[in-house]
Amino acid sequence: EDEENWVQDPDVLDTWFSSALWPFSTMGWPDEEASDYKRYFPTDTLVTGYDIIFFWVSRMIFQSLEFTGERPFKNVLIHGLIRDSQGRKMSKSLGNGVDPMDVVDQYGADALRWFLATGSTPGQDIRYYPEKLEAAWNFINKIWNASRYALMNLDGMTYDDIDLSKVTSIVDQWILTRLNETIAKVTDRFDAFEFGEAGRALYHFIWNDFCDWYIEMSKEVLQGDDEDAKHTTRSVLSYVLEQMLALLHPIMPFVTEEIWQHIPHQGNSIVTAKYPEVEESQIHQEAARHMEALISFIRSIRTARNENNVAPSKPIAIHVKANSQEILTMLEENKEYINRFANPSELKMALDTEIPDQAMTLFFSDGEIYLPLAGFIDIDEEIQRLEAELAKWASEVERVDKKLANQGFVNNAPADLVEKERQKGQDYQQKYQATKERLADLKATN
């Protein structure tokens, strides 16, 4: 009846009080000899949202220090909240909530896990877009189709049949090098809880390196008659696929397990399979550099065909000026890939070459390509294109020069990163000079 003098009920406990006991009370405490308590406490990492740091995280730390004398966990990984596409918090009143089970029914659990794990950086909110789930589903479909290709071409290979001792082609050496670089990058990012960066490294390796390039190039060998070469390529294909699935498994457990069970493997489940480790003997930097030059070469020609509406099936003359004997030898040794992917009617490669009339000039990482596309190109348009290229290379040279002039970057960045920037600068400078000379030639004859 007294409206002024309220008294707090003495039998009320803060709802977070018992939650704060969770790290040790669930392990058998206060019996400090309990097996779970001795094995699992303190735990390694707590994963939680930033909205309950005070309510839960801090109280677990206080309670644990008070009752056990130890911190409850070594790391706290704080993630953001999932918001709608407009950045609003999902709520019943707004009617903007999304049932995760509906998402799983439509796209699968792995697509949802990929979106959640790789869609943001720690502590940052993530916006829900159906298009992102669609992209994740497409990525999984790409992995599935690549795995089907591998299975159709492994010809009954078992785990014991895998033999990497005779890997000599730059294609095989390159993909093994890229695999080990990816293992190192993904493992490092996993250890730092940067799952978005780990996902980007995996995505680039799987979609671009493995699917778009290695699988396509493996067809050249697998459709040939050299049985030893075919066995080596099958071995590399199987090995890289298995390692790739193991890296993906923590984020995509279901599809990776399903595929793993059908490819050559050791053990009963990918869950207990050995996590990939870097194998120094599989890293071939020179072959990787040569392969990148070959990819740059093929990509330049594909882009030129596309921009000028020249169908891939139409043979065209290709004249190449290589920057070094090393690159020229590499291109000559890998003509079969150039024939398959560039479709030349004639292929002339040299350290110096006469530039054909009305030729489009392309630049790859280690030389120049001239495509005599008479009837397909307009000289004035080619001049405009090269002027845009010249401006681009000038901008890149300036950017690298500024970066290397920054003593903070030079002194504090890893030595290999600084060296890569220097190499980029030299490459951009060569392309700038070559573009400038080609422009002068075209303007003089136009």
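Please refer to the structure higher up on the page.
Cut-offs applied
- Residues numbered from 1 in each chain as written.
- Predicted model: local features only at pLDDT ≥ 70, side-chain atom pairs only at ≥ 80, totals over all residues.
- Heavy atoms only, no water.
- Core = buried A, V, L, I, M, F, W, Y, C linked by side-chain atoms within 4.5 Å.
- Buried < 20%, exposed > 50% of the residue type's maximum accessible area, 1.4 Å probe, protein only.
- Contact = heavy atoms within 4.5 Å.
- Axes fitted to C-alpha atoms, helices over the stretch in contact; angles between N-to-C directions.
- Helix = DSSP H or I, 4+ residues; strand = E, 2+ residues; numbered from the N terminus.
- Left-handed = near helix turned anticlockwise from the far one by under 90°.
- Nonpolar A, V, L, I, M, F, W, Y, C, P; charged D, E, K, R; others polar.
- Salt bridge = Lys/Arg side-chain N within 4 Å of Asp/Glu carboxyl O.
- Pairing = 2+ DSSP bridges.

J.: Hey, could you run me through the nonpolar core in this one?
T.: When a protein is soluble and globular, its nonpolar side chains tend to lie buried together. Phe 210, Leu 294, Phe 297 and Leu 331 are the most contacted members of the largest nonpolar core, which totals 87 residues. For Leu 294, the contacting residues outside a window of four places in its chain are Ile 170, Met 217, Met 330, Leu 331, Asn 334, Tyr 337 and Ile 338. Grouped together as the second largest cluster of nonpolar side chains are seven residues, Ile 383, Leu 386, Leu 390 and Leu 442 included.

J.: In this structure, what is going on with the packing of helix 9 (residues 195–222) against helix 14 (residues 335–342)? I would like to understand it.
T.: Working note: a packed helix pair is described by the angle between its axes plus the distance between those axes. Where helix 9 contacts helix 14, the axes come no closer than 11 Å and their chain directions differ by 120°. In terms of crossing hand, the pair formed by helix 9 and helix 14 is right-handed. Counted together, Glu 216, Met 217, Lys 219, Glu 220 and Val 221 of helix 9 and Glu 336, Tyr 337, Arg 340 and Phe 341 of helix 14 form the full contact between these two elements. Of the residues contributing to the contact of helix 9 with helix 14, the split by class is four nonpolar, no polar and five charged.

J.: Can you walk me through the pattern of salt bridges in this structure?
T.: Here the idea is simple: oppositely charged side chains can pair when their charged atoms come close. As enumerated under the stated definition, the model contains 21 salt bridges in all. As a salt-bridge pair, Lys 392 and Glu 389 come within 3.4 Å of each other at their nearest N and O atoms. With Lys 392 and Glu 389 both in helix 15 (residues 379–405) and three residues apart, the pair spans about one turn of that helix. Take Glu 389: its relative accessible area is 18%, and that puts it in the buried class. Beyond isolated ion pairs, a larger network of salt bridges with shared partners links Arg 178, Glu 181 and Asp 209.

J.: Honestly, the pairing of strand 5 (residues 316–322) in this entry has me stumped. Any pointers?
T.: Note on strand geometry: in a regular strand, side chains alternate between the two faces of the sheet. A large share of strand 5 lies buried, amounting to six of its seven residues. Inspection of the sheet shows strand 5 paired to strand 6 (residues 344–350) by six bridges, in the parallel sense. Considered in strand 6, the bridge of Ala 317 is made with Glu 346. Bridging between strand 5 and strand 8 (residues 367–372) involves four bridges; their strand directions are antiparallel.

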